[in-house]
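Each chain is listed here by its residues.
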Amino acid sequence: MINKQLIRTIAMVIITGAASSLNLDVNAQAPLLGKSSVKAVVKAMTLEEKVKLVVGTGKEFSMDFDKDKSESEPVPVVGSTDLLVPGAAGISFPIPRLGITPMVLSDGPAGLRILPQRPDDSKTYYCTAFPVATLLASTWDTELVYNVGSAMGNEVLEYGSDVLLAPAINIHRNPLCGRNFEYYSEDPLLTGKMAAAMVKGVQSQGVGTSLKHFAANNSETYRNTSNSIISQRALREIYLEGFRIVVEEAQPWTVMTSYNLINSVYTSESFELISKILRNEWGFKGFVMTDWYGGKDVVAQMKAGNDMIMPGIPKQIEILAKAVNSGALDVKVLDKNVERILTIMLLSPRFKGYAYTDKPDLKAHAQISRQAAADGIILLKNSNNTLPLNASDRKIAAFGNASYETFSGGTGSGDVNEAYTISINQGLLNAGLEVQKTLALQYEEFINDEKAKQTKPSDPLMALLMPPPPIPDMAVDMLSVKLLAKESDLAIITVGRNAGEGGDRKNVEGDFKLSQNEFDLIKRVTSAFHAEGKKVIVVLNIGGVIETASWRDMPDAILLAWQGGQETGNSLADILTGKVNPSGKLATTFPVKYEDVPSAATFPGKVIEQENAKSTDKKEDIVTAFLNPKPIEVTYEDGIYVGYRYYGTFGIKPAYEFGFGLSYTEFEYSGLKVETPDFKGKQSVTFTIKNAGKVAGREVVQLYIAAPVSKIDKPKYELKGFAKTKTLQPGESQTITLQLTARDLSSFNTAVSSWVADAGKYDVLIAASSTDIKLNGSFNLKKSIVSDKVNPVLAPKVTINELSYK
Ligand code: BGC
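Caption draft 1: The arrangement of the overall build of the chain in detail. Helix and strand counts for the chain come out as 23 helices and 29 strands. Structurally, the chain occupies a C-alpha span of about 80 × 70 × 55 Å along its principal axes. Evaluated residue by residue, the chain yields a buried proportion of 62% over its 806 residues. Considering only intrachain contacts with a sequence separation of at least 6, the fraction spanning at least 24 residues in the chain is 79%. Here the chain has roughly 30,400 Å² of accessible surface; of this, 52% comes from carbon and sulfur atoms. Between the mean site of the 86 positive side-chain charges and the mean site of the 90 negative ones, the chain shows a separation of 5 Å.

Dropping the structure here:
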C-alpha cells in the first residue's frame, strides 16, 4: 500500500526531477520565497521558471491541445495534481530552489471537489455537499453563508488544497442557463453580499477563493466562443456589480476570468476588464487565473493582467518564452504576473507547511449543511395551513423519482463527491414518518433498471461533457393512485431537475416545463387524494427555475427545496414537521411562462454557422466541438431589465415574484423612520418587525428604492438593502436599521461614465417581497451627486437595440 508520505515523496522526486531536466541552476545562494522579498525572488528566476509559473501544470484529464496532432488523448503533464490531492482541478508549478511550493486549486461552489477514493488506499476522502448557491442566496442570511464558507474552507485546508475555485456569481439572466444552480441570484446586490460572506468564511480558514466567472458568462451554449454583447450600463449595473461588491468587501485571493468574450474581447485577454476595472477601480490585490483552457492568446492574457493560465499546456510555455525573447511580451509584464502569484502563494497553507489531517469534521459540517438547506427552502404555497404536518399526517405516499433519487446538487465542476445523500424518502423515515413501502420499492426498482441502461463514459473529460440524460419520471396508473389515497394520510410528489456546465436547459417538456408524466401524476394524485379529503404537497428538487403556473393550483402546498446538498431529505423533513419554520425567499423570479423572460428572444445567442462543423455523438467529434466550438453572439437586448427590474417596470406578473416566500407565522411591519428628509451623503432607515403569529420564525425584509424620473431609464424599484431577523418568538419584535449611501441612489450614466444620483424624491419601500410593500417613506436629494467616476471602457462595438421603458 502506498501511504501519503510516500506519495508526497514521489511528488517531490518528480518535481525536483522536472527541475533538473529543465537544467535549472539549483543554487544554494538563491533567495527563498518567504525569506527574501517577492521582488528578489522574481529577480532570481530564469525566464523558463517564470513562464512555467504562469502556466499551470495540468489536471487529471489534461489534454495536449495541439490542434496539429491528430490524436487528442489525455497527456500527463509535469507535476500532475494526482500526486498531491487526487481530483483537484489544477496545480501551479513548483520551483524548489527558490522555495516556491505548488498551489493546489480545487472546485467548487457547493463544497470541495476531490476524488473520494485513491488507489491502494483504504481511507476515504469524502467532502460535504453543501446546498447549491441559489439555495444559499434564498436564505438571505449572510451569517449562515459565512458559516457554510468556513466549513467548506476547513475541508479545503484539511484535505491539502490551497484555493477553492468558488464562489461563482454570474447573474441569473435567464432561467435556462445550465449553471444557474452554481450562481446566486438575478440581483447583483444580493449576489454580492452573499458571495462576500462566502469568501470571508472560506478565507477565515487560511485558504483562498477564486471568484468566478469574471464576467458576463450567463449561458453555457458554445461557452468558449460566446460573445456577450452588452451595453456599458448593463455591464456596470447588473453583470459587474456583484463582483465589485465581493472584491471591495472580501478581497478574494484570486479571480477566475470566464470563457466568453465581452464586446468581442475574451475576458481573459481584456486589459480593460482585468487591469482597469478589477485592479485599478476596485483595488483587487490577488492574482487572476483563466477558466480551464479559456481564451486564445496567452501573450494577450499576460498583458491584460490575467496572471495564470489554467490548467496549462506545454505549448503555452513555449509561446510565452518566445514572446519574451522576441520582444512581443515585455518581461516587466511577466514579472508583475509572477509577483502577484507569489504574493498570494505566501499566504497558502502548503507554502506555510501546514500539516493537513485529511480528517475534517464531516459530522459537524453535515449539521451546518442541514441547517443551511432548511433555511433556504421556500414555502411557495400553503393552502389551509397544510404545513407543517399534523400529528395525524403519518403515512405518506411519496411519488416522483426524485423522492428516492434526490438531487443534492448539479453536475460538472460544481458537483461534490459526498459520502451520501439523504433522499427525501429517507428524510421522512429519519423524522419518524411512515412511507408507503410498496410504492417506494417500485420507484427504486424502476430507477435502478433505468440507470443500468445508461452508459457512463469512463474518460473523465467525456463524462464531464456528456452527463447521462435524466431518467424519465415513472408513470403511475390511476388505480394504484386511488388505492394509495385510501391507505395514506397524505401525498408528496417530488419534481426533480438537474443541469450543469457545458450546456443550457431547454424550454421543453421535462425541462423548463413539466413532462407529461409529471403533469399527469400531479393531476391523478391530487384528484385521488382530494377525493379522500387528503392533502398533496409538491416538492421542487431543482437547480433552476421551472414553469409552475399551469399546475400550481392543484396541490395544497408547494415547497421549493432546491438542491440542498447531502442532507436534502433531512432538511426537507425539518420543514415538513415544523422543526424549522420556513424563512427562505426567492432570489430569482419564477415567470408565468418562458416567453415572459426578457432575455427569452436572445438566449442563448445566435450561432454563426461554420462550414463543415460536425455534429455527431462520436467521441472525436464531441472533443473537436469542445475545442472548436461554433462562434455565437449573445446580444443582451434586455439591458438592465433583468429579473424583477423587468417584471416590475413593465407590469408583467410573474408566477412567484423575486423576494417571495411564506412562513408558518405572520409578521407585522411598523414604525418606518427615514433619518433625514434631505439626503446628506448617507441615510439610515429604521423599522420594526413583529412576529404576530403563533409560532417562532424569522423574516427576510427587503428595502427597495424607487428613484425619481430621470433622463435615462430607471427600473420601477431596485433592491438596495436587506436583513433577516433573528428567531422571533410569537409577540416578539426586532428593530432593524439599514443604511443607504449615495452610490445606492445612483445609476450608471454612460454619457459621463459615472454613477449619478439624480436630484429629486426617492421612495423608500420596506417590503416582504418585491411586490409586497409593507411600509412607505421618502426623502429628497436636492442636488444630483456624482458618486463615482469610472473608466469609459468595455464599449460595445455594435449598436444594441436595448430594451427601454421610455
Ligand atoms: C469550469 C470552472 C472550474 C474549472 C476547473 C471549468 O470547466 O468552468 O468553473 O472551476 O473547470 O474544474
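Caption draft 2: Representation of helix 20 (residues 568-576) within the structure. With nine of its nine residues buried, helix 20 lies for the most part within the structure. Regarding helix 20, the residues found buried are Thr568, Gly569, Asn570, Ser571, Leu572, Ala573, Asp574, Ile575 and Leu576. If you follow the buried residues of helix 20, they end up packed against helix 14 (362-376), helix 15 (424-430), strand 15 (490-496), strand 16 (535-541) and strand 17 (557-560). Just beyond helix 20, the residue with positive phi is Gly578, at close to 85 degrees.

Caption draft 3: Structural detail: the sheet that holds strand 26 (residues 754-757). Taking strand neighbours across the sheet as the criterion, the three strands line up as 25-26-29 in an open arrangement whose pairing is antiparallel. Each end of this open sheet is capped by a strand with a single partner; those strands are strand 25 (747-749) and strand 29 (785-789). Shown here is a sheet whose adjacent strand axes are inclined to one another by a mean of 40 degrees, direction ignored. As defined by bridge partners, strand 25 adjoins strand 26 across three bridges and the pair is classed as antiparallel. Bridging from a neighbouring strand, Ser747 pairs with Val756 of strand 26.

Caption draft 4: The site of the ligand, seen in detail. Taken together, 14 residues are adjacent to the ligand, and Asp107, Arg179, His213, Asp291 and Glu501 come closest. The side chain of Asp107 places a nitrogen or oxygen atom 2.4 Å from an oxygen atom of the ligand. Lys212 is positioned with one of its side-chain polar atoms (N or O) 2.9 Å from an oxygen atom of the ligand. Burial of the ligand by the surrounding chains reaches 96%, relative to a free accessible area of 310 Å². Split by residue class, the shell around the ligand holds five nonpolar, two polar and seven charged.

Caption draft 5: Region of interest: the sheet that holds strand 8 (residues 254-257). With respect to topology, six strands assemble into an open sheet ordered 1-2-5-6-8-11, the strand pairing being mixed. The open sheet has two edge strands, strand 1 (90-91) and strand 11 (287-289), and neither has a second partner. Relative to strand 5 (residues 163-164), strand 2 (residues 104-106) runs parallel, the two being bridged by two bridges. Opposite Ser106, over in strand 5, you have Leu164 as the bridge partner.

About the criteria used
Residues numbered from 1 in each chain as written. Predicted model: local features only at pLDDT ≥ 70, side-chain atom pairs only at ≥ 80, totals over all residues. Heavy atoms only, no water. Helix = DSSP H or I, 4+ residues; strand = E, 2+ residues; numbered from the N terminus. Buried < 20%, exposed > 50% of the residue type's maximum accessible area, 1.4 Å probe, protein only. Contact = heavy atoms within 4.5 Å. Areas by Shrake-Rupley, 256 points an atom, 1.4 Å probe, with all protein chains shown as cover. Lys, Arg positive; Asp, Glu negative; His and termini not counted. Charge placed at Lys NZ, Arg CZ, Asp CG, Glu CD. Pairing = 2+ DSSP bridges. Axes fitted to C-alpha atoms, helices over the stretch in contact; angles between N-to-C directions. Near = heavy atom within 4 Å. Polar contact = N/O pair within 3.5 Å; in protein donor to acceptor, adjacent residues only side chain to side chain. Nonpolar A, V, L, I, M, F, W, Y, C, P; charged D, E, K, R; others polar.

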